[in-house]
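# Topology and contacts: notes
Below are the chains, spelled out letter by letter.
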Amino acid sequence: MERHEYDVVVIGAGGAGLRAAIEARQQGKRTAIICKSLFGKAHTVMAEGGAAAAMGNVNSDDNWMVHFRDTMRGGKFLNNWRMAELHAKEAPDRVWELEAWGALFDRTKDGKISQRNFGGHEYPRLAHVGDRTGLEMIRTLQQRVVALQQEDFAVHGDYEAYIKVFAECTVTRLLKDDGAISGAFAYWRETGKFIVFDAPAVVLATGGIGKSYVVTSNSWEYTGDGHALALLAGAQLINMEFIQFHPTGMVWPPSVRGILVTESVRGDGGVLRNSLGERFMFNYVPDVFKDKYATSEEEGDRWYTDQANNRRPPELLPRDEVARAINAEVKAGRGSPQGGVFLDVSSRLPAAEIIKRLPSMHHQFKELADVDITKEPMQVGPTCHYIMGGVEVDADTGAASVPGLFAAGEVSGGMHGSNRLGGNSLSDLLVFGRRAGAGASQYVDGLTRRPAVTGVEEAMAEAVAPLERGGGENPYELHHELQRTMNELVGIIRKAGEVGDALDVVEKLKERAHNTASTGGKIYNPGWHLALDLRNMLLVSECVAKAALIREESRGGHTRDDYPGMSPDWRRKLLVCSAPPDGSEVTVVEKEQPSMRDDLITLFDRGELSKYVTEDELAEYDAALA
Ligand code: FAD
C-alpha cells in the first residue's frame, strides 16, 4: 500500500487548509495537503462578497473592538469570545499578508483596499475583489504554496521536499496510537487505491456539511467529512444545532435551486420586496436591533451615501433574521411566483455599475435563469449555507481534545456562536488557519516519540465493505431520503415533533447504511464514494437533530417554533456532541460557556448587554466596572 511520512497532514485545500499548510511549512515541517476535489476547487473559491477585516479604510471609525462587538451580536453572544477577539484583532494583518503574497483587492479612490457593507457589520468592512473574492484568495494561497516549493527546490533539489499536494484523494479515517493522532487513511478517487499517511499531527480543514440538505449553496464535497472524522477519533463537536440558511439562494429553475445570490447585492443597494411590492424587512426588525436600523425607506436609502447621520436599511440585518422574514412572507402568501421573494437591484443602480460591481451575479442569472438583473428583479429564497457548529478547539492553537488533532475554518466550532456574519468566514480561515498550522507545528516540536500507525486493516475493511456486498441498499436513495428529511424536518423553522421524527428516520437510515452496496469496482466509482460519505452525513445529521431537539429556545441559526424567543436558561449553555469509534450513537451533553474577560465585556454598553446576557453576567459586568 502507498505510504507517506509527514510531520503535519492538512486535510482540505480551501482557505483554512492552505493557510495552515503554509504556516506549518514556514515553521520547517514536512507538510502534506490532501483534498477530495481538484486542487483549487475548494468551497472557498466560491466566496463572493469578501473578507471582513476592520482596516478602517472606508470609515476610519472602524477598529477591532467594533468588529468584535458586531461578531458577538451576530452570534447572539454564544461565540467563543476569545476566538472572536483574535479574529477581530488579526484579520487586517492576514488580509495585508495576502496582498504581500500577490492578491490584488479592489481599491478606494485614494488607493487603499476597498471595503464594502455587509449584513451585521457596523461599517464597510469586507475587503473584496468584485464578487470573486474567494477565487483571488485561493489563487494567492496556491501561488504562495508554489513559491515555497520553488524555495525548497533551490535548497533540496525537490519541489515537494517540504510541501506536497495530494488532490482527488479522500480521507476516510484518522489513525491513532495510544489515544494520540498517528496519521490518516485515504483512497485515490480515480483508482480507488488506498494510501496511508503517517503523521503525528493532522489539521482538519474540510469545510461544511451542506449536502445533508436538498436546497443548499454547498457543492458536492461538503458531506461533513471532517466533522465525522473528528467525532470518530474521539473529539467533540459544539454548536451543531446552528445552521445558517442564507436568505438569498436562487429559487428558479429547479436545477439550480439553492445556488447563492451574494449578500453584496443588498450591501450595494439591492432591496427585498414581496408580491405586493412592499419592502417587507421594515416589519421584521427585532427589538435587540431596533435602534440600529432605519425605520423608513428614505432613511435606509440615505444611509448608502451618508452613514454618519442615518441608520442602515433592514435588508442588512444578520442573515438569520432576513431568512426568517423571507420564510414568513412566503408562508403568508406574499411570495414570488416561484416560491421566493423579489431581490431588486435593477431599479437601484445603473446597469453599468451593476455589471461592474456584481459581474458573477449578472452572469449567473443570465446563464442559469435567463434573467437580466440590470433590467428585472431576481427571485430568491433561503438555502442551507453554512454550519456554525464544528470541532471544539482551543482558540489560540486550534487544538482539539485528541492530542495531535487540530481544526480550522468551517469545520471548527465556536468562533461564530449561533450565527455567522457574512465575510467573517474568509477572515476566520486566514486567522485560524495560520494559528492551527502553528499549533500543529509546536505540538510536533514537543513530541518525545513519534506515534505508530495503527488501525489500517480496520480502516481498509470499512472502506471496501460496500464493494464486497453482493446486493444491498442504493446509496443514492438513502442520500435523497436524508436530504429531504433534514430539509423538511430540521430546516429553518423547527418543531419538537418534527425533529423527533427526523431522528427516527436518521436512525433507520443509519441501519440501512450499514448495508449499502456499490456495483462496479474501485476505479472511479462515484456510487462507492457516496456510500462512504453517507456515514459522515448521517453522523453529522444526527448531531444537528439531537442538539436541535435539546435546545429549547430560538437563537441565531436555530429557530424553534415551539420556543420562539432567546431564553436566559440557554444563554450560557453549549451542547457538546461525542460518539464512540464505530459511530453507533451520538451523545449530547450540556456545558457551561466560560465568562467573558472583563476588558471585553466592558466594551459593550450595559443597556445593550442586558438584552442578551443573564443577571449573573450583568453582575460580573458591574463588578468589572467598579
Ligand atoms: P473549504 O474551502 O470548504 O475547503 C474544504 C476542503 O476540504 C476542500 O479542499 C475539500 O476537497 C476538502 N475535503 C473535504 N472532505 C475531505 C476528505 N474527506 N478528504 C480530503 N479532503 C476533503 N464566506 C465569507 O466570509 N465571505 C463570502 O463572501 C462568502 N461567500 C460564500 C459564497 C458561497 C457560494 C458559499 C457556498 C460560501 C461562502 N462563504 C463566504 C463561506 C465560505 O466560503 C466558507 O465557509 C469557506 O470557504 C470554508 O473554507 P474552508 O477552508 O473551511 O473549507
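Located above this text is the structure these notes cover.
Residues numbered from 1 in each chain as written. Predicted model: local features only at pLDDT ≥ 70, side-chain atom pairs only at ≥ 80, totals over all residues. Heavy atoms only, no water.

### Comments concerning the site of the ligand
Here is the rule we go by: Definition of nearness: a residue and a molecule or strand are near each other if at least one heavy atom of the residue lies within 4 Å of the molecule or strand. Each polar contact in these results corresponds to two N or O atoms within 3.5 Å; when the atoms are within protein, one needs to be able to donate a hydrogen and the other to accept it, and residues that are neighboring in sequence are counted only if both atoms are side-chain atoms. To measure how exposed things are, a 1.4 Å probe is used in the Shrake-Rupley method; for residues, cover is taken only from the protein chains shown. Each helix corresponds to a stretch of at least 4 residues labelled H or I by DSSP, and each strand to a stretch of at least 2 residues labelled E; elements are numbered beginning at the N terminus. Polar here means any residue other than Ala, Val, Leu, Ile, Met, Phe, Trp, Tyr, Cys and Pro, which are nonpolar, and Asp, Glu, Lys and Arg, which are charged; Gly is therefore polar.
Around the ligand there are 40 residues in total, and His-43, Thr-44, Gly-49, Asp-225 and Glu-410 lie nearest to it. Contacts to the ligand include Ala-16, whose backbone N or O atom sits 3.0 Å from an oxygen atom. At a separation of 3.5 Å, an oxygen atom of the ligand approaches a polar backbone atom of Ala-205. Compared with its free state, where it exposes 1,000 Å², the ligand has 99% of that area covered by protein. Mapped onto the shell around the ligand, the elements with two or more residues apiece are helix H1 (15–26), strand E3 (31–35), strand E8 (169–177), strand E16 (378–387) and helix H11 (424–445). If one sorts the elements of the shell around the ligand by residue count, H11 sits on top with four residues. Residues belonging to the shell around the ligand are distributed by class as follows: 16 nonpolar, 18 polar and six charged.

### Details of unusual backbone geometry
Keep this limit in mind: The classification of residues rests on relative accessible area computed with a 1.4 Å probe and restricted to protein chains. Under 20% of the type maximum is buried, over 50% is exposed, and intermediate values are partly exposed.
Omega for the bond connecting Trp-252 with Pro-253 falls within 30 degrees of zero, at -5 degrees, which places this linkage in the cis form. Checked against the element boundaries, Pro-253 lands in the loop between strand E13 (243–250) and helix H6 (264–267). The backbone of Lys-76 sits at a positive phi, close to 55 degrees, despite the residue not being glycine. Structurally, Lys-76 is set in the loop between helix H2 (64–74) and helix H3 (81–100). For Lys-76, a relative accessible area of 4% puts it in the buried group. Phi angles above zero are rare outside glycine, and Asp-178 is one such case at about 50 degrees. Owing to a relative accessible area of 74%, Asp-178 belongs among the exposed residues under this scheme.

### Topic: the pattern of salt bridges
Spelled out, the test is: Here, a salt bridge means any Lys or Arg side-chain nitrogen found within 4 Å of an Asp or Glu carboxyl oxygen.
All chains considered together, the criterion is met by 63 salt bridges. Residue Arg-606 pairs with Asp-622 through a salt bridge whose shortest N-O separation is 2.8 Å. Remark: Asp-622 occurs in helix H18 (residues 615–625) and Arg-606 occurs in helix H17 (residues 606–612); sequence separation between them is 16 residues. What makes Arg-606 partly exposed here is its relative accessible area of 35%.

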